[in-house]
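This is what each chain is made of:
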Amino acid sequence: MSAIDSMTLSMAPMEGITRYLFRNAQAEVFGGFDKYYTPFLSPNMHHHFRHRESDDIDPKNNAGLTVIPQIMTNVPEDFLWAAWECAHLGYPEVNLNLGCPAATVARKTKGSGFLTDLPRLERFLDAIFSETPVDISIKTRLGWADPAEFDKVLKLYEQFPVKELIVHARVREEFYEGEAHRDIYEHALLETSLPLAYNGDIFTKEDALTFAEMNPRTTQLMIGRGMLRNPAIAREIRGGSPMTNAELREFYQRVHDGYLAVMENETHVLFKCKELWTYLITQFPEEKKAAKALKKANKLAAFDAVVEELLTSAPLSHR
Ligand SMILES: Cc1cc2nc3c(=O)[nH]c(=O)nc-3n(C[C@H](O)[C@H](O)[C@H](O)COP(=O)(O)O)c2cc1C
């Protein structure tokens, strides 16, 4: 048995991309993930979810998948309201977002912004952990500006019964740039009694296996952009076969048709498909012309024609 066998593999939450249509298509065509986190739900003082949020956590849209709803707020009452809603729907765990770097969020002391006010975060955690009806896991960055902030941040989390602490090993100011600080994670893993999960820059099967060998006490590996580039990555990590062109066609078709069914405006669908292909195109590194054509397309039909040509004639790189 190798180290990776004892770790859970999860799909990272990615706002605007990994909602239920995407999760179901990935699970049906490729599988390999043990669990899926929803992009953040943003409960407000009026205590109702937006339509797209309720759809995303509706159990009938998530049949057969292990899904963990993610919540982002700095108001304990709003968090607890959302946690109760999730509990009523049958979810045994919710995840708290302490990582989102967007200025609009961070400025309001939410997501990664909460890491700039640890006394307030402590009061928030006190309140939610004392009244939550479900388990709470946390997805966090190392800090705001300096990776060394993680010492204090981790000590704070250690005061609470955190189900699992998922560490995206960057600070807010790094957004998604540069290399993740694995050394800080590795150090924390040796020091803490909390169950630690790792997230950041797992782009290939080899990345995952090497990471697991080096950090065998890790409970879970969470994969984001590596899965957007190669939606079969989790299956591969589990020893399965790499993605084929036919599978990618099937996956794309499902996501594409799903968007067409729920979005009225075809231009919005085009926008979504373009975003998807900014990641998928990395699997066709030779296809510079097609990459340009995908960027330029201003009608969905033209975009799909380029995709079809690519899937028919270009080999996947399997990097
Ligand atoms: C487009 C996009 C949307 C994201 N949305 C969320 C989100 O809703 N919640 C969250 O916790 N992280 C979000 N993230 C961060 C990812 O979950 C993950 O932490 C990050 O991409 C690092 O992991 P990776 O190197 O495997 O991609 C988002 C990332 C991207 C690129």
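All of the points below concern the structure found in this document. Everything numeric here is computed off the predicted structure, so don't read it as measured data.

A short note on the overall build of the protein chain
Counting its regular elements, the protein chain contains 14 helices and eight strands. Against the 2.2 N^0.38 benchmark of 20 Å for 319 residues, the protein chain shows a C-alpha radius of gyration of 20 Å, consistent with a compact globule. Principal-axis analysis of the C-alpha atoms places the extent of the protein chain at approximately 55 × 45 × 35 Å. Across the 319 residues in the protein chain, those meeting the buried criterion constitute 54%. When contacts within the protein chain are restricted to residue pairs at least 6 apart in sequence, long-range pairs at least 24 apart make up 73% of them. Taken as a whole, the protein chain presents about 14,400 Å² of accessible surface, with 53% of it coming from carbon and sulfur. Of the side chains in the protein chain, 36 bear a positive and 45 a negative charge, and the two mean positions are spaced by 5 Å.

Thoughts on the site of the ligand
In the vicinity of the ligand lie 18 residues, with Pro13, Glu15, Asn199, Asp201 and Arg225 positioned nearest. A distance of 2.8 Å separates a nitrogen atom of the ligand from a polar backbone atom of glutamate 15. With respect to the ligand, the backbone of glycine 224 contributes an N or O atom lying 2.8 Å from an oxygen atom. When the ligand sits alone it has 610 Å² of accessible area, and the protein chains cover 92% of it.

Thoughts on the packing of aromatic side chains
Enumeration over the complete set of coordinates arrives at twelve aromatic pairs. Taken together, a centroid distance of 5.8 Å and an interplanar angle of 80 degrees make the contact between tyrosine 252 and tryptophan 277 edge-to-face. Remark: tryptophan 277 occurs in helix H12 (residues 266–280) and tyrosine 252 occurs in helix H11 (residues 245–262); sequence separation between them is 25 residues. One aromatic cluster is present, formed by Phe22, Phe30 and Phe251 through successive ring pairs. Sitting above the plane of the tyrosine 176 ring, arginine 141 keeps its charged end 5.2 Å from the centroid. Its guanidinium or amino end placed over the ring of phenylalanine 203, arginine 229 lies 4.1 Å from that ring's centre, counting from NZ or CZ.

Considerations on the environment of proline 242
Along the chain, proline 242 falls in the loop between helix H10 (233–237) and H11. Look at proline 242 and you get partly exposed, because its relative accessible area is 35%. C-alpha of proline 242 to C-alpha of alanine 197: the two residues are 45 residues apart in sequence and 25 Å apart in space. With sequence-adjacent residues up to four places away left out, proline 242 is seen in contact with Arg235, Glu236, Glu247 and His318.

A few points about helix H3 (residues 76–88)
Helix length check: H3, at 13 residues, gives a terminal C-alpha distance of 18 Å against a target of 18 Å (1.5 Å per residue), a fit within 8%. Buried within H3 are the following residues: Pro76, Asp78, Phe79, Leu80, Trp81, Ala82, Ala83 and Cys86. On its buried face, H3 is in contact with helix H2 (51–57), strand E3 (67–71), strand E4 (93–98), helix H5 (118–131) and strand E5 (135–143). Phi for glycine 90, located one or two positions after H3, is positive at around 105 degrees.

Focus: the sheet that holds E3
Two strands in a sheet stick together by hydrogen bonds in their backbones, pointing the same way (parallel) or opposite ways (antiparallel). Sheet architecture is closed into a barrel: eight strands sit in the order E1-E2-E3-E4-E5-E6-E7-E8, paired in parallel fashion. Neighbour-to-neighbour, the strand axes of the sheet open up by a mean angle of 30 degrees, direction not taken into account. Here strand E6 (residues 165–171) pairs with strand E7 (residues 196–199) via four bridges, running parallel. Within the sheet, the bridge partner assigned to leucine 165 lies in E7 and is leucine 196. Contacts from helix H7 (residues 182–191) reach E5, E6 and E7, with the element oriented near 170 degrees to E7.

Observations regarding the nonpolar core
Note on soluble globular proteins: their nonpolar side chains tend to be buried together. In terms of nonpolar packing, the biggest core is built from 95 residues, with Leu125, Tyr157, Leu165 and Trp277 touching the most fellow members. Counting contributing residues per domain, this core is built from domain 1 (3–237) and domain 2 (245–313), each supplying no fewer than three. With near-sequence residues (within four places) excluded, leucine 165 lies in contact with Ile138, Thr140, Phe150, Leu154, Tyr157, Leu194, Pro195, Leu196 and Ala197.

Structural notes on H11
Compared with an ideal rise of 1.5 Å per residue, which puts 18 residues at 26 Å, H11 spans 26 Å between its outermost C-alpha atoms and is within 8% of the ideal. Three or more residues of H11 are buried, namely Asn245, Glu247, Leu248, Phe251, Tyr252, Val255, His256, Gly258 and Tyr259. On an axial view of H11, the arc spanned by its buried residues comes to 165 degrees, and they lie on one face.

Remarks on unusual backbone geometry
Positive phi is not limited to glycine here, since histidine 47 has a value of about 55 degrees. Examined against the element boundaries, histidine 47 turns out to sit in the loop between strand E2 (35–41) and H2. By relative accessible area, histidine 47 is classed as partly exposed at 29%. Of note in the backbone geometry, threonine 109 takes a positive phi value of approximately 60 degrees without being a glycine. Checked against the element boundaries, threonine 109 lands in the loop between helix H4 (103–106) and H5. By relative accessible area, which is 17% here, threonine 109 ends up buried.

Reading the values: rules and limits
Residues numbered from 1 in each chain as written. Predicted model: local features only at pLDDT ≥ 70, side-chain atom pairs only at ≥ 80, totals over all residues. Heavy atoms only, no water. Helix = DSSP H or I, 4+ residues; strand = E, 2+ residues; numbered from the N terminus. Rg over C-alpha atoms; globule rule 2.2 N^0.38 Å. Buried < 20%, exposed > 50% of the residue type's maximum accessible area, 1.4 Å probe, protein only. Contact = heavy atoms within 4.5 Å. Areas by Shrake-Rupley, 256 points an atom, 1.4 Å probe, with all protein chains shown as cover. Lys, Arg positive; Asp, Glu negative; His and termini not counted. Charge placed at Lys NZ, Arg CZ, Asp CG, Glu CD. Near = heavy atom within 4 Å. Polar contact = N/O pair within 3.5 Å; in protein donor to acceptor, adjacent residues only side chain to side chain. Phe/Tyr/Trp six-rings, centres within 6.5 Å; stacked < 30°, edge-to-face > 60°. Lys NZ or Arg CZ within 6 Å of the ring centre and 35° of its normal. Expected span 1.5 Å × (residues − 1). Pairing = 2+ DSSP bridges. Axes fitted to C-alpha atoms, helices over the stretch in contact; angles between N-to-C directions. Core = buried A, V, L, I, M, F, W, Y, C linked by side-chain atoms within 4.5 Å. Domains from an automatic or database assignment. Arc of directions from axis to C-beta.

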